[in-house]
Amino acid sequence: LDRIRDSLNKKSCSLTPELTVADMVRALPVWKESKTKSPVAGKAVEVLFVMSKGLQKKMIDHELSVHGCRVTNVASGTQAIEIAMQTKPDIILSSYVIDGLINGVELARIFSVLDATKNIPFVLLSTYERNDPLLNGLPQGSLTAHKNEHFSADFKKLMDSLNSNNFLMPKGVK
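Residues numbered from 1 in each chain as written. Predicted model: local features only at pLDDT ≥ 70, side-chain atom pairs only at ≥ 80, totals over all residues. Heavy atoms only, no water.

1. Describing helix H5 (residues 104–113)
(1) Moving on: When we look at burial in H5, the residues that qualify are Gly104, Val105, Leu107, Ala108 and Phe111. The arc that holds every buried residue of H5, seen down its axis, measures 160 degrees, which confines them to one face. (Buried < 20%, exposed > 50% of the residue type's maximum accessible area, 1.4 Å probe, protein only. Helix = DSSP H or I, 4+ residues; strand = E, 2+ residues; numbered from the N terminus. Arc of directions from axis to C-beta.)

Spelled out as structure tokens, the structure:
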């Protein structure tokens, strides 16, 4: 908060090529789940989470937080594109059904061609199997997590897999 206050108190608080929105977000302290809800300094994995509001979103958001992720929540594809271009998240998770005019597969296709986002891992959360015709346009390299009775176990495996392959290693940390 001190960094944000210092920036806002300056007569000119414009972003420079050296100081981007992504840099400012990553410099903020990480909130860990605890009884006191106090900030813990450290680097978190930045996750852009695209899903319509509801209980399912709250549950997945909590699961991501437990895995040490800092989550930015948006409900539509257009919001996701804007936020991803500014913050450069470490990973993008999207439901197949999202608010707005596009679905999660179309969003993955957009991210796969934008220079700023094409190297960011994309995970589609869906009730459809990977071979379902609705997922045919999903770009190569995109991952899927199926929302079914095994979702919790599958999601944990996915997070462990991403961690073990250093997909979820915060930028700048080796």
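That covers the picture; the talk isn't over yet.
2. Quick look at the pairing of strand E6 (residues 122–126)
When a strand is regular, its side chains alternate between the sheet's two faces.
(1) Moving on: For E6, the tally of buried residues reaches five of five residues, placing the bulk of the element in the interior.
(2) Moving on: Every second residue of E6 is oriented toward a common face, with Phe122, Leu124 and Ser126 on one face and Val123 and Leu125 on the other, all of them buried.
(3) Moving on: For strand E5 (residues 91–95) and E6, the ladder comprises four bridges, and the chain directions are parallel. Each residue of the ladder has a partner; that of Ser95, found in E6, is Leu125.
(4) Moving on: In terms of handedness, the path from E5 via H5 over to E6 forms a crossover that is right-handed.
(5) Moving on: Taken together, the four bridges between E6 and strand E7 (residues 143–146) define a ladder with parallel strand orientation. Directly across from Val123, in E7, lies its bridge partner Leu143. (Pairing = 2+ DSSP bridges. Right-handed = clockwise from strand over helix to strand, strands pointing away.)

3. Overview of unusual backbone geometry
(1) Moving on: Phi at Lys88 is positive, roughly 50 degrees, even though this residue is not glycine.
(2) Moving on: Take Lys88: it is sitting in the loop between helix H4 (77–87) and E5.
(3) Moving on: Of the residues examined, Lys88 reaches a relative accessible area of 32% and is grouped as partly exposed.

4. What about the side chain of Thr117?
(1) Moving on: If you trace the backbone, Thr117 turns up in the loop between H5 and E6.
(2) Moving on: Relative accessible area serves as the criterion here: at 1%, Thr117 is assigned to the buried category.
(3) Moving on: Leaving out residues up to four positions away in the same chain, Thr117 has contacts with Ala84, Met85 and Phe111. (Contact = heavy atoms within 4.5 Å.)

5. Quick notes on the pattern of salt bridges
(1) Moving on: Overall, the coordinates contain two salt bridges when judged by the stated rule.
(2) Moving on: Across the pair Glu46 and Arg70 runs a salt bridge whose closest N-O atoms are separated by 2.8 Å. Note that Glu46 is positioned in strand E3 (residues 45–50) and Arg70 in strand E4 (residues 69–74), a separation of 24 residues in sequence.
(3) Moving on: The exposure class of Glu46 is buried, given its relative accessible area of 5%.
(4) Moving on: Across the pair Asp115 and Lys118 runs a salt bridge, and its minimum N-O distance is 3.2 Å. (Salt bridge = Lys/Arg side-chain N within 4 Å of Asp/Glu carboxyl O.)

6. Examining the nonpolar core
One broad rule of soluble globular proteins: the nonpolar side chains tend to lie buried together.
(1) Moving on: One finds Leu48, Val50, Ala80, Leu107, Phe111, Phe122 and Leu124 to be the most contacted residues of the largest nonpolar core, which totals 17 residues.
(2) Moving on: For this core, the secondary-structure elements that each account for two or more residues are E3, H4, H5 and E6.
(3) Moving on: At four residues, the largest contribution of residues to this core is made by H5.
(4) Moving on: Discounting residues that sit within four places of it in the chain, Ala80 has contacts with Leu48, Val50, Val74, Leu107 and Phe111. (Core = buried A, V, L, I, M, F, W, Y, C linked by side-chain atoms within 4.5 Å.)

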